[in-house]
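What follows is the residue order along each chain.
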Amino acid sequence: MSVATSAGELLASTARWTAAVRAQESERPDRLLDDPWAAELAGTEGFAWLEKRTPEAVLPMVLRTRYFDDFLAQGAIPDGIRQVVVMAAGLDTRAFRLEVPAATRWFELDQPEILAHKERVLGAAGARPKCARHALGVDLTGPWADALMGAGFAPLEPAAWLLEGFLFYLSFQDLTTLLDQVLRMAPTGSRIGFDIINSATLTSPFTRSWVDMQAASGAPWIGALDDPVGFLAERGWTAAAVPLGAEEASYSRWPYPPVPAALPGVPYLWFVTGQKGK
Ligand SMILES: C[S@@+](CC[C@H](N)C(=O)[O-])C[C@H]1O[C@@H](n2cnc3c(N)ncnc32)[C@H](O)[C@@H]1O
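Q: I tried to follow the overall build of the chain on my own but got confused; where do I start?
A: The secondary structure content of the chain amounts to ten helices and seven strands. At 18 Å, the chain has a C-alpha radius of gyration in line with the 19 Å of a compact globule built from 278 residues. Along the first, second and third principal axes, the C-alpha set of the chain runs to 45 × 45 × 40 Å. Relative to its 278 residues, the chain shows a buried fraction of 56%. A separation of at least 24 residues holds for 78% of the contacts in the chain among residues at least 6 apart in sequence.

This is the structure in structure tokens:
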């Protein structure tokens, strides 16, 4: 299914932005991740966006990438999960760069155009995924589950679901509908990881310049959840929300003290992980 609307095309640019961030990080001697394909995937468009951002402004993307690398490679995979679903995968190359058992089934969902770009670049580079990987071009605000099942997803087997750098681009209705669907269809033992902002982030003077930049770049942040842990708990999931800057997600790179938990009116970006039924 094609979703090449102008809004879709603009959001596809965001995948190149994050690839450029991963490329830049991969060059550091103290890098938190190494993505050898990111520079080629980002292309001139990705680097043009990155050039206008300070290293500090994009550090949250580096931290979240590493946090969710660990969620999969240090958590779900060693715990025996053998299905991974990366929603809005963009130019994510985790299936190629993380240590994943060959028996894992790995599904990447995003707009067809961005996945086609990824296939071209990775194909030309001779990159090989570590496991059976399926890239599915879908609109995640429409029906997508049939495409996932058709590609061999086993609905009765636990999976790790990742929704990274995505939910704030959706309306509250679209993001809760999508989360609801994932949380409902996942059997006990499944995992989920996503990053999410609270609604104060959309209005606070502290985050104004970033929110304005996103809007001016054609990729406005519009979606937020004020209590992601409660949202998951109501649906039978145990979850934790780690705020940006917390020690377990700062890897000694975040330059500010952590923001204390849940202050009213304070903007939060959380890295959320959860497990169904525990
Ligand atoms: C900021 S990128 C994040 C990509 C990747 N998860 C990462 O962290 O690098 C957002 C992604 O959401 C995808 N996206 C946005 N709206 C979508 C939709 N309705 N259906 C499918 N993908 C969508 C874009 O194509 C883009 O790849």
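Q: Would you take a moment to explain the site of the ligand for this structure?
A: Around the ligand, the surrounding shell holds 20 residues, and the nearest of these are Arg 22, Ala 88, Asp 110, Gln 111 and Leu 140. For the ligand, a nitrogen atom lies 2.8 Å from a polar atom in the side chain of Asp 139. At 2.8 Å, a backbone N or O of Leu 140 approaches a nitrogen atom of the ligand. In isolation the ligand offers 600 Å² of accessible surface; the protein chains occlude 97% of this area. Counting residues per element, the shell around the ligand draws most heavily on helix H1 (residues 6–26), which supplies six residues.

Q: Even after reading the chapter, I still don't get the pairing of strand E4 (residues 160–163), so can you show me in this structure?
A: Put simply, side chains in a regular strand alternate between the two faces of the sheet. A two-sided burial pattern is seen for E4, the buried positions comprising Ala 160 and Leu 162 on one face and Trp 161 and Leu 163 on the other. Across four bridges, E4 lies against strand E5 (residues 191–197) in parallel orientation. From the neighbouring strand, Leu 163 faces E5, where its bridge partner is Phe 194. In this fold, the crossover linking E4 to E5 by way of helix H7 (residues 172–185) has right-handed handedness.

Q: Where do I start with the side chain of Thr 273 in this structure?
A: For Thr 273, the location among the structural elements is in strand E7 (residues 269–276). With sequence-adjacent residues up to four places away left out, Thr 273 is seen in contact with Tyr 67, Phe 68, Phe 71, Ile 192, Gly 193, Thr 238, Ala 239 and Ala 240.

Q: How should I be thinking about unusual backbone geometry in this particular structure?
A: Trans peptide bonds make up most of the peptide bonds, and negative phi angles are found at most residues other than glycine. At Ala 88, a position not held by glycine, the phi torsion is positive, near 55°. Residue class for Ala 88 comes out buried when judged on its relative accessible area of 16%. Positive phi, normally seen in glycine, also occurs at Ser 252, with a value near 60°. Checked against the element boundaries, Ser 252 lands in the loop between strand E6 (237–243) and E7. Note on Ser 252: relative accessible area 77%, which makes it exposed.

Q: Can you walk me through the pattern of salt bridges in this structure?
A: Side chains that carry opposite charge are capable of pairing whenever their charged atoms lie near each other. A full pass over the atoms with the stated rule returns 20 salt bridges. A salt bridge links Arg 253 to Glu 25; the nearest nitrogen and oxygen atoms lie 2.8 Å apart. Taken together, the residues span a long stretch of sequence, with Arg 253 in the loop between E6 and E7 and Glu 25 in helix H1 at a distance of 228 residues. The same class applies to Arg 253 and to Glu 25, which are both buried. Taking the shortest distance from any N to any O, the salt bridge between Asp 30 and Arg 28 comes out at 2.7 Å. Three or more residues are tied together by salt bridges with common partners; here these are Arg 64, Asp 69, Asp 92, Arg 94, Arg 97, Glu 164 and Asp 195.

Rules used throughout
- Residues numbered from 1 in each chain as written.
- Predicted model: local features only at pLDDT ≥ 70, side-chain atom pairs only at ≥ 80, totals over all residues.
- Heavy atoms only, no water.
- Helix = DSSP H or I, 4+ residues; strand = E, 2+ residues; numbered from the N terminus.
- Rg over C-alpha atoms; globule rule 2.2 N^0.38 Å.
- Buried < 20%, exposed > 50% of the residue type's maximum accessible area, 1.4 Å probe, protein only.
- Contact = heavy atoms within 4.5 Å.
- Near = heavy atom within 4 Å.
- Polar contact = N/O pair within 3.5 Å; in protein donor to acceptor, adjacent residues only side chain to side chain.
- Areas by Shrake-Rupley, 256 points an atom, 1.4 Å probe, with all protein chains shown as cover.
- Pairing = 2+ DSSP bridges.
- Right-handed = clockwise from strand over helix to strand, strands pointing away.
- Salt bridge = Lys/Arg side-chain N within 4 Å of Asp/Glu carboxyl O.

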